[in-house]
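Chains, contacts and geometry: an overview
Below, each chain spelled out in residue letters.
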Amino acid sequence: MPAQVISGTEIAKQIREELKEEIAGLKEQHNLVPGLVTVLVGEDPASQVYVGAKEKTSKALGLYSERHDLAADTSEEALLALISRLNNDPKIHGILVQLPLPKHINETRVLYAIDPRKDVDGFHPVNLGKLMIGEPDYLPCTPHGIQQLLVRSGIEIEGAEVVVVGRSNIVGKPIANILLQKKEGANATVTVCHTRTRDISAHTRRADIIIVAAGRPKAITADMVKEGVVVIDVGVNRIGKTAEGKSILVGDVDFEAVKEKARAITPVPGGVGPMTITMLMLNTVKAAKLAAGLI
Ligand code: NAP
């Protein structure tokens, strides 16, 4: 049986439709318009694309959207002053500072300066701590998107052996925590692998679900997985350019070979990617409802 290819594009579209309806309802019933601000420092081309996409999606869903593009030589002090102002602006419910920041700015200091109630990226230690104890306000966007891909594709997570490859603070560690929670859409047994894991295949071969966020093409090959596995490929690797000059993107999984053994698999692009921005919108709506005392 060929693997079910899980379309992040389709699932993200479904969630966006639901959000659009909810946002219209909030305006109609409570005169509440969730507001998202994006802050970009410098001119990194990839960051400009990401911020542009976030702004476009916000507007398409009916959110209030604000964008601050700052020069690459903006001082840390000036950025912190802007964040302080946005923390106190009632129109703004979510603040997103696009990473990476220029080297002269301390990223940690900046992320810690965002009011945790407006931290719709879910990276503030208060929000990560709440996730750890099972009482999250905001889940980090990419891991939340991964959980939604699994749940909405009807994949049984409860009791499953899940192997996460990668232990970053933005993907590996939070997705492991999310799927470990004593909650619906979780309750998995989770193993986390990394570059110091002695025998990765020994773990991946017994996994029911593998989530790969390593940033290495072909980190997972067909001999490393069992028949019937579900594979979520988070990796985005640029491996060259087409004749037209467009980047060629691949994930971390040897897609063509692994899909012959898998029950379900996400493609790259069109898998996890479209979910990340969608979950950012979802967090912004939640932030607005929390601020208005609606939840
Ligand atoms: P990261 O911070 O570079 O972390 C990579 C992790 O993978 C590290 O923990 C590393 O182990 C581990 N690792 C690397 N190679 C490995 C291998 N061959 N075997 C086992 N473990 C290995 O990366 P990240 O920020 O989590 O991102 C991972 C990938 O996901 C990247 O390609 C990134 O572009 C992509 N990504 C996509 C989205 C999206 O929305 N689609 C969002 C975020 C990230 P050590 O800790 O031992 O070094």
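Let us look at the structure shown here. (Residues numbered from 1 in each chain as written. Predicted model: local features only at pLDDT ≥ 70, side-chain atom pairs only at ≥ 80, totals over all residues. Heavy atoms only, no water.)

1. Concerning the sheet that holds strand β2 (residues 35–41)
Here 3 strands make up an open sheet; going across it, the order is β3-β2-β4 and the pairing parallel. Strand pairing shows two members of the sheet lacking a second neighbour, β3 (64–70) and β4 (94–97), which therefore form its edges. Strand-to-strand twist across the sheet, computed as the mean angle between neighbouring axes with direction ignored, equals 15°. Judged from the 7 bridges that link them, β2 and β3 form a sheet pairing that is parallel. Bridge assignment links L36 to a residue of β3, and that residue is S65. Contacts from helix α3 (residues 76–87) reach β2, β3 and β4, with the element oriented near 170° to β3. (Pairing = 2+ DSSP bridges. Helix = DSSP H or I, 4+ residues; strand = E, 2+ residues; numbered from the N terminus. Axes fitted to C-alpha atoms, helices over the stretch in contact; angles between N-to-C directions. Contact = heavy atoms within 4.5 Å.)

2. Focus: unusual backbone geometry
In the segment running from L99 into P100, the intervening peptide bond is cis, with an omega of 0°. Following the sequence through the fold, P100 ends up in the loop between β4 and α4 (107–113). Unlike most non-glycine residues, N31 shows phi in positive territory, near 50°. Mapping N31 onto the fold places it in the loop between α1 (8–30) and β2. Its identity as a non-glycine residue notwithstanding, K218 has a phi of 60°, on the positive side. By secondary structure assignment, the location of K218 is in the loop between β7 (209–212) and β8 (230–233). Residue K218 is classed as exposed on the basis of its relative accessible area of 55%. (Buried < 20%, exposed > 50% of the residue type's maximum accessible area, 1.4 Å probe, protein only.)

3. Observations regarding the site of the ligand
Taken together, 20 residues lie around the ligand, and R167, S168, T195, V236 and T276 are the ones closest in. Residue A213 places a main-chain N or O atom 3.4 Å away from an oxygen atom belonging to the ligand. Interatomic distance of 2.7 Å between a side-chain N/O atom of T276 and an oxygen atom of the ligand. Starting from 930 Å² of accessible surface for the ligand in isolation, the protein chains cover 69%. Of the residues assigned to the shell around the ligand, the class counts are 9 nonpolar, 9 polar and 2 charged. (Near = heavy atom within 4 Å. Polar contact = N/O pair within 3.5 Å; in protein donor to acceptor, adjacent residues only side chain to side chain. Areas by Shrake-Rupley, 256 points an atom, 1.4 Å probe, with all protein chains shown as cover. Nonpolar A, V, L, I, M, F, W, Y, C, P; charged D, E, K, R; others polar.)

4. Regarding the side chain of N87
Relative to the helices and strands, N87 resides in helix α3. By relative accessible area, N87 is classed as buried at 17%. For N87, the residues in contact, after removing those within four places along its chain, are I95, A113, I114, D115 and K118.

5. Some points on the packing of helix α6 (residues 141–152) against helix α7 (residues 172–180)
In helix packing, the relevant descriptors are the interaxial angle and the interaxial distance, both defined with respect to the helix axes. The interhelical angle for the contact between α6 and α7, taken along N-to-C directions, is 45°, at an axis separation of 9 Å. Between α6 and α7, the interaxial angle falls into the category oblique. Judged by the sense of rotation from one axis to the other, the crossing of α6 with α7 is right-handed. Judged by residue contacts, P143, H144, I146, Q147 and L150 of α6 engage P174, I175, I178 and L179 from α7. Its residues assigned to classes, the contact of α6 with α7 comprises 7 nonpolar, 2 polar and no charged. (Parallel < 35°, antiparallel > 145°, perpendicular 65-115°, else oblique. Left-handed = near helix turned anticlockwise from the far one by under 90°.)

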